[in-house]
Amino acid sequence: AAVGAVDPARDALLEVWFDAREAQLEDSAFAGTEIGALLAKHATRLDVLTALARGSPLYDAARHDRLCLLRFLLSHGLDARRAAQAFERTAAWRAAHGMDAIFDAVRCGAHAQKDFPHYAKIDPHFAMRLARDPRTGQTFQYADGAQMHFGELMSRVTAPEFVDYQAHLNEWAHALTDLAQRATGRYVRHARVVNLASTSAKRHLHFGFLRAISAAMRASEDYYPQLVERVVICNIPPWAQAIYERVCAPLLPKRMTGKVWVCQPRALAADARAL
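The model shown is predicted, which means the values in this text are computed figures rather than measured ones.

For the protein, the count of helices and strands is 14 helices and 5 strands. Every one of the 275 residues in the protein was classed for burial, and the buried ones make up 51%. For the protein, contacts bridging at least 24 residues in sequence account for 76% of all contacts bridging at least 6. Carbon and sulfur atoms make up 56% of the accessible area of the protein, which totals about 12900 Å².

Quick look at the structure:
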């Protein structure tokens, strides 16, 4: 479903979300679901994390319920103190950048991709399409290497502008993934898929872009715990895969590279089935 378009499935989920938000979702709201099982399994650690989070001046009970805090706990090895520190950093970053307002606008369908900052400069050279499975609510980002030119992109935007645009992409995924989790009780997460069958050194080998995308990926991992489930790189030529492994991967957070799956669905039937 295109972001911002009329979407009855999303509207139905919104009704569930607003009803639940008004009740300030307790664990019992997820009884009998996958999320309910996770909340029950980690209840003691969540109690500790909740107590620590409440000590922050940025804590907001309406936004930072136990599902929100669960993501921090799972993302930091079930260590409540590390999770609380990450929560504090994330809450400060979100407050400094006005992310909660963006979250609410995306959730209500009022913030389409074309409204993201720097979209007109970025999209012609970095076409990243957003989609959501109406059955499960799972969100996806899809990019085709044939519609990307990193040199042209970085000649038109600064690295901070690119990182800002990526933050809006992340917030879109975060807002709608949160909605899907609350409406379905399933612990659905976000996926990014990049098709690099048309990779060329001229269009795609640019170190300024690598630095900018690595900064954006670090922000994604630091401030959006448990958001991304998988990054799928499809049909990458052998020479480009070697560059990714030796040059690109070391610039990315290890938490992100651990989610990357490089596959060859055009060449390998097993990869095509798995994809």
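Grouped together as the largest cluster of nonpolar side chains are 45 residues, with contacts concentrated most on Ile122, Phe126, Leu153, Phe162, Trp172, Phe209 and Tyr244. Where this core is concerned, the elements lending two or more residues are helix 6 (99-107), strand 1 (126-132), strand 2 (139-148), helix 8 (150-156), helix 9 (159-184), helix 11 (207-223), strand 4 (228-234) and helix 12 (238-248). It is helix 9 that provides the largest number of residues to this core, a total of 9 residues. Counting 21 residues, the second-largest nonpolar core is a separate cluster that includes Tyr59, Cys68, Phe72 and Tyr187.

The next point concerns the packing of aromatic side chains. Under the counting rule described, the total for this entry stands at 9 aromatic pairs. Pairing phenylalanine 116 with tyrosine 165 gives two aromatic rings, centres 6.1 Å apart and planes at 65°, and the pair type is edge-to-face. Of this pair, phenylalanine 116 sits in the loop between helix 6 and helix 7 (119-122) while tyrosine 165 is found in helix 9, placing the two residues 49 residues apart along the sequence. On the basis of relative accessible area, phenylalanine 116 is assigned to the buried category, the value being 2%. Overall, tyrosine 165 belongs to the buried group, its relative accessible area being 0%. On the numbers, 5.8 Å between centres and 50° between planes, the contact of phenylalanine 126 with phenylalanine 209 is tilted.

If you trace the 5 strands from one edge of the open sheet to the other, you get 1-2-3-4-5, paired in mixed fashion. Strand pairing shows two members of the sheet lacking a second neighbour, strand 1 and strand 5 (260-263), which therefore form its edges. The sheet shows a mean angle of 20° between the axes of neighbouring strands, direction not considered. Where strand 1 lies against strand 2, 6 bridges are found, and the strand directions are antiparallel. By the bridge assignment, alanine 131 is partnered in strand 2 with phenylalanine 140.

The next subject is the side chain of histidine 190. You can see histidine 190 is positioned in strand 3 (residues 190-195). Judged by relative accessible area, histidine 190 falls into the buried class, the value being 0%. At 2.7 Å, the side chain of histidine 190 and the side chain of glutamine 141 are in polar contact. If we skip the residues at most four places from it in the chain, histidine 190 touches Thr139, Phe140, Gln141, Trp172, Ala173, Thr177, Leu227, Val228, Glu229 and Arg230.

So, on to the pairing of strand 4. Of all 7 residues in strand 4, 5 are buried, a share of seventy percent or more. The pairing of strand 3 with strand 4 spans 6 bridges and is classified as parallel. The partner of asparagine 195 across the bridge, within strand 4, is cysteine 234. In terms of strand pairing, strand 4 meets strand 5 through 4 bridges, oriented parallel.

Residues of helix 2 (residues 34-41) that are buried: Ile35, Gly36, Leu38 and Leu39. Along the axis of helix 2, the buried residues cluster in a sector spanning 160°; they form a single face. For helix 2, exposure combined with an orientation more than 90 degrees from the buried face picks out Ala40 and Lys41. Turning to helix 2, the residues buried within the fold contact helix 3 (43-54), helix 4 (66-75) and helix 9.

On inspection of all chains with the given rule, the structure shows 15 salt bridges. Of the charged contacts, one joins arginine 71 and aspartate 178 as a salt bridge, the two residues approaching to 2.7 Å between their closest N and O atoms. Of the two residues, arginine 71 sits in helix 4 while aspartate 178 sits in helix 9, which places them 107 residues apart along the sequence. Judged by relative accessible area, which is 8%, arginine 71 ranks as buried. A relative accessible area of 4% places aspartate 178 in the buried class. Residue arginine 129 pairs with aspartate 123 through a salt bridge whose shortest N-O separation is 2.9 Å. Each of Arg63, Arg94, Asp100, Asp104 and Glu171 takes part in one network of salt bridges that share partners.

Criteria and cut-off values
Residues numbered from 1 in each chain as written. Predicted model: local features only at pLDDT ≥ 70, side-chain atom pairs only at ≥ 80, totals over all residues. Heavy atoms only, no water. Helix = DSSP H or I, 4+ residues; strand = E, 2+ residues; numbered from the N terminus. Buried < 20%, exposed > 50% of the residue type's maximum accessible area, 1.4 Å probe, protein only. Contact = heavy atoms within 4.5 Å. Areas by Shrake-Rupley, 256 points an atom, 1.4 Å probe, with all protein chains shown as cover. Core = buried A, V, L, I, M, F, W, Y, C linked by side-chain atoms within 4.5 Å. Phe/Tyr/Trp six-rings, centres within 6.5 Å; stacked < 30°, edge-to-face > 60°. Pairing = 2+ DSSP bridges. Axes fitted to C-alpha atoms, helices over the stretch in contact; angles between N-to-C directions. Polar contact = N/O pair within 3.5 Å; in protein donor to acceptor, adjacent residues only side chain to side chain. Arc of directions from axis to C-beta. Salt bridge = Lys/Arg side-chain N within 4 Å of Asp/Glu carboxyl O.

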